[in-house]
Amino acid sequence: MSGYYPYLLCGLPELNFNMNPDSFSYQDLYNQIFELLSPADQRLAELFLAFPRNEEVAKAYLPMQAEEEEREEFLTDCPWPAYQKELYRHNLAYWLEGDEEASLSKRPEEETILILKRKLDEAFYNCMSRYRNKFVRLWYDFDLTLKNTLVAFAARKQQRPADKEFVLPRALAPKPEEEPEEGEPELIAWIKENMGQGDFGLKLRLSYAEELFAALDSEDVYVRERKVDQFRWNMLDEMILGKDFQMDVVLAYLVKMQILKRWQDMDAAAGRQYLQETVASLRKVKLGEDEARKQRDY
């Protein structure tokens, strides 16, 4: 029966945040789950896990962005969710805000991919905020709040503006000219107004803010990332209390698989090095901007 899976859930191995991530195969476990879901729940699972694939979708678009027939042919049998398919409905100039002169020869490819990925990210959260399943709406409302809090946290530590990095839930396709742009979410406005406070004033608004900022209280980037993922894991457990064998529990299990896979992809030493290199790279960018600003002022 769709939405109720006692046989499936009883047969799955128990996942623990501190387990050895190499002790399971993400793909094998995903296949085991997927084949036992109803067609409707298969589509939900695909959509629920689509966010990490947004960059891949943006990259795949570029080689065919100028060829409408090629894009339409690609979409014919494409299994992607509707919000990702929407990117392929139009050429690149459409997505770059009507810039008819826009082309990869005039804009770095990496920059174009980032623009398209950001549009897909915002379309994903827009889709999830309207989804009929309450657990889906609640989880991705939490996930978006967490993501934007981390954006503000990183920006403040690196002493750079965060305005252009916040993720807003909005539709992929631009609104018609006669329709006004939606304002930014109230929570982002609140964070901006309270950037000077250690908790961005969020302890006044979020019941879980205390636990979140306890997770962020570490100078070691690797340790902080582990604590944040542990916090996400704990929130999943809270959200499925009393759900028994419902589809919500399957979705939570899939997110836990993603968390473990992330740490499977990088062991402690490699993960620490990767994260530290990322921070160092961001600092270099900031130093370069500061130097350029000094030269302009001079």
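To keep things clear, this report deals only with the structure shown in the data block. Please read these numbers as outputs of a predicted model, since none were measured by experiment. (Residues numbered from 1 in each chain as written. Predicted model: local features only at pLDDT ≥ 70, side-chain atom pairs only at ≥ 80, totals over all residues. Heavy atoms only, no water.)

## Remarks on the packing of aromatic side chains
Stage number 1. Inspection of every chain in the model, using the stated rule, returns 23 aromatic pairs.
Stage number 2. With centroids separated by 5.3 Å and ring planes inclined at 65°, the aromatic side chains of F74 and W80 adopt a geometry described as edge-to-face.
Stage number 3. Classification of W80 by relative accessible area gives buried; the value is 13%.
Stage number 4. On the numbers, 5.4 Å between centres and 85° between planes, the contact of F124 with Y125 is edge-to-face. (Phe/Tyr/Trp six-rings, centres within 6.5 Å; stacked < 30°, edge-to-face > 60°. Buried < 20%, exposed > 50% of the residue type's maximum accessible area, 1.4 Å probe, protein only.)

## A few points about the nonpolar core
Stage number 1. Formed by 90 residues in total, the largest nonpolar core has its most connected members in I33, F48, L87, W139, V250, L254 and M257.
Stage number 2. Residues within four places of W139 in sequence aside, it is in contact with F48, R232, M235, L236, M239 and V255. (Core = buried A, V, L, I, M, F, W, Y, C linked by side-chain atoms within 4.5 Å. Contact = heavy atoms within 4.5 Å.)

## A closer look at a negative patch on the surface
Stage number 1. Taken together, E67, E68, E69, E70, E72, E73 and D77 make up a surface patch of like negative charges.
Stage number 2. Considering the arrangement of structural elements, one finds E69 in helix 5 (residues 68-76). (Patch = residues over 30% accessible without salt bridge, like charges linked within 9 Å, V, L, I, M, F, W, Y side chains within 5 Å. Areas by Shrake-Rupley, 256 points an atom, 1.4 Å probe, with all protein chains shown as cover. Salt bridge = Lys/Arg side-chain N within 4 Å of Asp/Glu carboxyl O. Lys, Arg positive; Asp, Glu negative; His and termini not counted. Charge placed at Lys NZ, Arg CZ, Asp CG, Glu CD. Helix = DSSP H or I, 4+ residues; strand = E, 2+ residues; numbered from the N terminus.)

## Quick word on the pattern of salt bridges
Stage number 1. The tally for this structure, following the rule as stated, stands at 17 salt bridges.
Stage number 2. Across the pair E122 and R170 runs a salt bridge, and its minimum N-O distance is 2.7 Å. You can see E122 sitting in helix 8 (residues 109-129) and its partner R170 sitting in the loop between helix 9 (134-157) and helix 10 (186-193), a full 48 residues away along the chain.
Stage number 3. Shared partners join several salt bridges into a network, and the residues in it are D143, K147, E225, D229, R232 and R262.

## Regarding the side chain of D229
Stage number 1. Among the structural elements, D229 can be located in helix 12 (residues 221-239).
Stage number 2. On the basis of relative accessibility, which here comes to 4%, the residue D229 falls in the buried class.
Stage number 3. If we ignore the near neighbours within four places in the chain, the residues touching D229 are F17, I259, R262 and W263.

## Here's the deal with the packing of helix 2 (residues 26-34) against helix 13 (residues 247-264)
Stage number 1. Between helix 2 and helix 13, the shortest axis-to-axis distance is 11 Å and the interhelical angle comes to 170°. With respect to helix 13, the axis of helix 2 lies roughly antiparallel. Side by side, helix 2 and helix 13 meet where Y26, L29, Y30 and I33 of the first sit next to V250, Y253, L254, M257, Q258 and K261 of the second.
Stage number 2. Among the residues forming the contact of helix 2 with helix 13, the class breakdown is 8 nonpolar, 1 polar and 1 charged. (Axes fitted to C-alpha atoms, helices over the stretch in contact; angles between N-to-C directions. Parallel < 35°, antiparallel > 145°, perpendicular 65-115°, else oblique. Nonpolar A, V, L, I, M, F, W, Y, C, P; charged D, E, K, R; others polar.)

## Some points on the side chain of D121
Stage number 1. With respect to the helices, strands and loops of the structure, D121 is situated in helix 8.
Stage number 2. A polar contact is formed between the side chain of D121 and the side chain of N54, at a distance of 2.8 Å.
Stage number 3. Contact partners of D121, with chain neighbours within four places excluded, come to F51, N54 and V167. (Polar contact = N/O pair within 3.5 Å; in protein donor to acceptor, adjacent residues only side chain to side chain.)

## Focus: unusual backbone geometry
Stage number 1. Backbone geometry places Q159, a non-glycine residue, at a positive phi of 55°.
Stage number 2. For Q159, the position within the fold is in the loop between helix 9 and helix 10.
Stage number 3. In this model, D244 sits at a positive phi of 55°, which is unusual for a non-glycine residue.
Stage number 4. Structurally, D244 can be placed in the loop between helix 12 and helix 13.
Stage number 5. A relative accessible area of 57% places D244 in the exposed class.

## A word on the environment of A215
Stage number 1. For A215, the location among the structural elements is in helix 11 (residues 209-215).
Stage number 2. Along the primary structure A215 and D229 are separated by 14 residues, whereas in three dimensions their C-alpha atoms are 9.0 Å apart.

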